[in-house]
Amino acid sequence: MFIDGRNVPDGTIVEAEVAIIGAGAAGISIARALRNIDARVVLIESGGLDFEPDTQELYEGESVGVPYALDTSRLRYFGGSTNHWGGWCRPFEPIDFEQRDWVPHSGWPINRADLDPYYVRANEVCQIGPFIYDDPAAVSEGGQYQPLDLGKEVMTRWFEYSPPTRFGWTYRQDIEKASNIKTYLNSNVMEILPNAEATKVERLRVGTLTGRRFEVRPQTVILATGGIENARMLLLSNSIEKAGLGNGRGLVGRYFMEHPHIERPCEIMITDPSLVAPYYQTYTQSAGANIRGVFMFTADYLRKNRRLGTVMTFYKQKEVRTDIDVEEKDTEAARDIEPGIAQLIRSTSSKANESPVLAMRYGTGCATEQAPNPDSRIMLSTEKDALGLNRTKIDWRLSPSDRANLRHNIEALARAFGAWGEGRVRIRLPDRDKWDEAEGWGNHHMGTTRMAADPRKGVVDANCKVHGVENLYVAGSSVFTTSATVNPTLTIVALALRLADHVQTRFTRGV
Amino acid sequence: MSDAISRRQLLVLTGVGLAAAALPAALPLLDRERTTLAGELIATLADPARAAEIGRQWMVSTERGGNTSVFAQKIAKRLHARGWHPGDPTDVTRSAIGERVRYEFRHDDMVEISGWQISRTEAELCALAAASLGTAPAETEPSTEG
Ligand SMILES: Cc1cc2nc3c(=O)[nH]c(=O)nc-3n(C[C@H](O)[C@H](O)[C@H](O)COP(=O)(O)OP(=O)(O)OC[C@H]3O[C@@H](n4cnc5c(N)ncnc54)[C@H](O)[C@@H]3O)c2cc1C
């Protein structure tokens, strides 16, 4: 049942076993998993079923570090940011969960195997098709399209695409029809109120932009308002715990991570484009899935060289020819020597070419892991939003060492192509002392309520429960301990399904 | 520069046994020229004139000197360690260079020219072409070899 919060009488108290705050990828996945169980579930969503500027405006805030767009990087209505996500999906690598002694603050309290069954289910939720991410045989179309043999440092990995699933649209009926779920639209949770000891949530204070105020009294609360807003909600819940709920150790909001994106950090020249399988160059239908091949770095390489991960995409840019008109010719020195580099590769690997087309130049894109940094953080601004709540203040920090790491990874790519024989890499990433401006980012908001077994090191435990608060859970990429390299939503959904199982088990056991 | 090789360059190329590589169909290599070390190495290049431009840029950017003899000896020494001998057929030389180049990439022995990452031997082959063509930077000894 959908209820418009703006029609709920002031002072109403809604009782429920489970309250889910936020109906995005995480909240909707959990609500669907809990549909038709023997428990009343209340799903509270800030927006309506469509975009409304006044509600979206609640997402605006202050950016004081590396400039970051708080508003356009997420959407505030039913379905959340999946109303405009791109659908790139891939599970994290096993090494992403490990404690890596060269990455301070790394190490999740769970590992990839803990998530494996949930990744398969998340793939279904995201309508992706067969789970063939790491299976070259499945995507090779009978051996026709083999991945490039790039040695021991660089590996081909495949993304699979969600259509992309608009969670609000696709799962609206499931949620609306579920007899045990009441969804309150246009309803903003303004504060999560615990008992006097701040050990248990008792009430949620809810408000609408039209001024209505009501309360939800749940036994269990799941906070699923997105990777930035989860931290803001905890910080705003400060009536009892002055520093914010679950923030006894000052960790809420810290360790904010993104995936810095760099446009064309390098170019790759390959003598013969037919050596490059179609799935590298664009979205490709294969074995019932829509896939894309990318370059990533092997766990052995990352360990041996003490590096963070990078994922690199690859697309056809231009033929390298000997007969380019002078006017057409790029004046950059690198372009002038490009045909020469192609001939150099041909001197030792391929046959010399009769035709004026010597090679193909490919452009690249990349997203890179950033090391967790406690000073990169979400705080409360002194400015207030239309509900009278402090807006978000974001201080995103990027470090020169993250950038140096990226450069080293591109050098590894250059080694790999050179050793393969038919390609060479041109690095375009300029050396810089600082990294104070992002060339791009993924709209991936991670780390602000990080997961750690030790309450001194994280906000939530391995079950995503807030340390010290017995009935408050967090869903979404804010729980990521480290950011990994690939897009987060498949992992968000996998963790959400795992959390739904956990909550359901607790109810079954009566705990 | 364009594909066409100027008369001056052709003369220089012929002098070091390069022309066969640059214009394989047009100008057969003389036995005497074939035997020069620099000529043998340069003969493996698909486009010596373009290689020379790469070599020139590398030498300028690294303020590197060197003449044909220096570069040729360096490269030959590395190939020799892989069982190659002067006088081996061009295909054998080419494949020995190819192996060496791949080895250098595997072992991170790369140089950077305008962002391009090429192997050390490739860079030295290009420098050898530049020195032979006389396009190497001024401080480099002009080649009289061949
Ligand atoms: C342009 C763009 C492209 C993207 N492409 C990809 C991609 O290709 N692959 C990928 O993996 N990820 C992608 N993402 C990221 C992806 O959209 C998010 O990871 C995902 O939507 C996060 O899910 P979530 O449920 O945690 O948060 P959201 O989907 O943002 O949902 C949070 C929900 O909480 C609600 N809410 C917020 N505050 C309150 C409150 N106080 N009370 C009640 N409700 C509240 C919001 O209205 C919203 O509906 C992209 C994001 C953007 C912006």
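Residues numbered from 1 in each chain as written. Chains lettered and ligands numbered in written order. Predicted model: local features only at pLDDT ≥ 70, side-chain atom pairs only at ≥ 80, totals over all residues. Heavy atoms only, no water.

Trainee: Could you give an account of the overall build of chain B, with specific residues and numbers?
Mentor: Across its full length, chain B holds 8 helices and 2 strands. Listing each helix as α and each strand as β along chain B from the N terminus yields α-α-α-α-α-α-α-β-β-α. Relative to its 146 residues, chain B shows a buried fraction of 51%. In chain B, of all internal contacts separated by at least 6 residues, the share reaching a separation of at least 24 is 65%. A total accessible area of about 6,500 Å² is found for chain B, and carbon and sulfur atoms account for 53% of it. (Helix = DSSP H or I, 4+ residues; strand = E, 2+ residues; numbered from the N terminus. Buried < 20%, exposed > 50% of the residue type's maximum accessible area, 1.4 Å probe, protein only. Contact = heavy atoms within 4.5 Å. Areas by Shrake-Rupley, 256 points an atom, 1.4 Å probe, with all protein chains shown as cover.)

Trainee: Give me the state of the cysteines: which residues, what numbers.
Mentor: Residues and elements named next belong to chain A. Applying the stated criterion across every chain yields a total of 0 disulfides over all chains. In this model Cys 89 remains outside any disulfide bridge; the closest cysteine sulfur is found in Cys 126, 4.7 Å from its own. We classify Cys 89 as buried; its relative accessible area is 0%. (Disulfide = S-S within 2.5 Å.)

Trainee: Can you lay out the interface of chain A and chain B for me, pointing to particular residues and giving the numbers?
Mentor: Between chain A and chain B, the contact holds 27 residues from the first and 28 residues from the second. On the chain A side of the interface with chain B, the three residues burying the most area are Ile337(A), Leu344(A) and Thr348(A), jointly 24% of the side's total. Counting across the chain A and chain B interface gives 3 salt bridges. Of the charged contacts, one joins Glu112(B) and Arg407(A) as a salt bridge, the two residues approaching to 2.8 Å between their closest N and O atoms. Residue composition of the side of chain A that touches chain B, grouped by class: 13 nonpolar, 7 polar and 7 charged. (Buried area = accessible area lost by both parts, 1.4 Å probe. Salt bridge = Lys/Arg side-chain N within 4 Å of Asp/Glu carboxyl O. Nonpolar A, V, L, I, M, F, W, Y, C, P; charged D, E, K, R; others polar.)

Trainee: Summarise the pairing of strand E1 (residues 110-113) of chain B; cite the residues concerned and give the values.
Mentor: Residue and element names in this part refer to chain B. Sheet analysis places E1 next to strand E2 (residues 116-119), joined by 4 bridges and oriented antiparallel. Residue pairing across strands places Ile 113 opposite Trp 116, the latter belonging to E2. If you look at the hairpin formed by E1 and E2, you'll find 2 residues sitting between the two strands, and Ser 114 has a positive phi there, around 45 degrees. (Pairing = 2+ DSSP bridges.)

Trainee: Quick one: what's the story with the UniProt feature "domain: Glucose-methanol-choline oxidoreductase C-terminal" (unreviewed entry) in chain A, residue by residue and with numbers?
Mentor: Residues annotated by UniProt as "domain: Glucose-methanol-choline oxidoreductase C-terminal" (unreviewed entry) correspond here to residues 372-496 of chain A. For residues 372-496 of chain A, helix accounts for 23% and strand for 18%, while the C-alpha atoms at its two ends are 22 Å apart. (UniProt positions renumbered as here; feature names shortened; annotations may be inferred.)

Trainee: Summarise the sheet that holds strand E4 (residues 61-63) of chain A; cite the residues concerned and give the values.
Mentor: Residues and elements named next belong to chain A. Overall, mixed pairing links the 3 strands, which are arranged E4-E17-E16 in an open sheet. A strand with exactly one partner marks an edge of an open sheet, and here the two such strands are E4 and strand E16 (377-384). Taken over all neighbouring pairs, the strand axes of this sheet differ in orientation by 30 degrees on average, direction set aside. With 5 bridges joining them, E16 and strand E17 (residues 390-395) adopt antiparallel strand pairing. (Axes fitted to C-alpha atoms, helices over the stretch in contact; angles between N-to-C directions.)

Trainee: Got a sec to walk through the pattern of salt bridges? Specific residues and values, please.
Mentor: Residue and element names in this part refer to chain A. In this structure the tally under the stated criterion is 42 salt bridges over all chains. Asp 501 is the partner of Arg 121 in a salt bridge, and the nearest nitrogen-oxygen pair spans 3.3 Å. Of this pair, Arg 121 sits in helix H4 (residues 112-125) while Asp 501 sits in helix H14 (residues 489-509), and the two are 380 residues apart along the sequence. On the basis of relative accessible area, Arg 121 is assigned to the partly exposed category, the value being 31%. Put simply, Arg 74, Arg 76, Glu 229, Arg 232 and Asp 385 are held in one network by salt bridges that share partners.

Trainee: So what's going on with the site of the ligand? Which residues, and what values?
Mentor: All names here are of chain A. Not every one of the 37 residues close to the ligand is listed here, only the nearest: Ala 26, Glu 45, Ser 81, Gly 86 and Thr 489. Ser 81 is positioned with one of its side-chain polar atoms (N or O) 2.8 Å from an oxygen atom of the ligand. Against a free-state accessible area of 1,000 Å², the protein chains account for coverage of 94% of the ligand. Looking at the shell around the ligand, the elements with two or more residues in it are helix H1 (25-33), strand E8 (188-194), helix H8 (229-236) and H14. In terms of residue class, the shell around the ligand is made up of 15 nonpolar, 19 polar and 3 charged. (Near = heavy atom within 4 Å. Polar contact = N/O pair within 3.5 Å; in protein donor to acceptor, adjacent residues only side chain to side chain.)

Trainee: Quick rundown of helix H7 (residues 90-106) of chain B? Include the residues and the values.
Mentor: All names here are of chain B. Over its 17 residues, H7 runs 24 Å from end to end, which matches the ideal 24 Å to within 8%, given 1.5 Å per residue. Residues of H7 that are buried: Thr 93, Ala 96, Ile 97, Gly 98, Arg 100, Val 101, Glu 104 and Phe 105. Asp 108 lies just past H7 and shows a positive phi near 60 degrees. (Expected span 1.5 Å × (residues − 1).)

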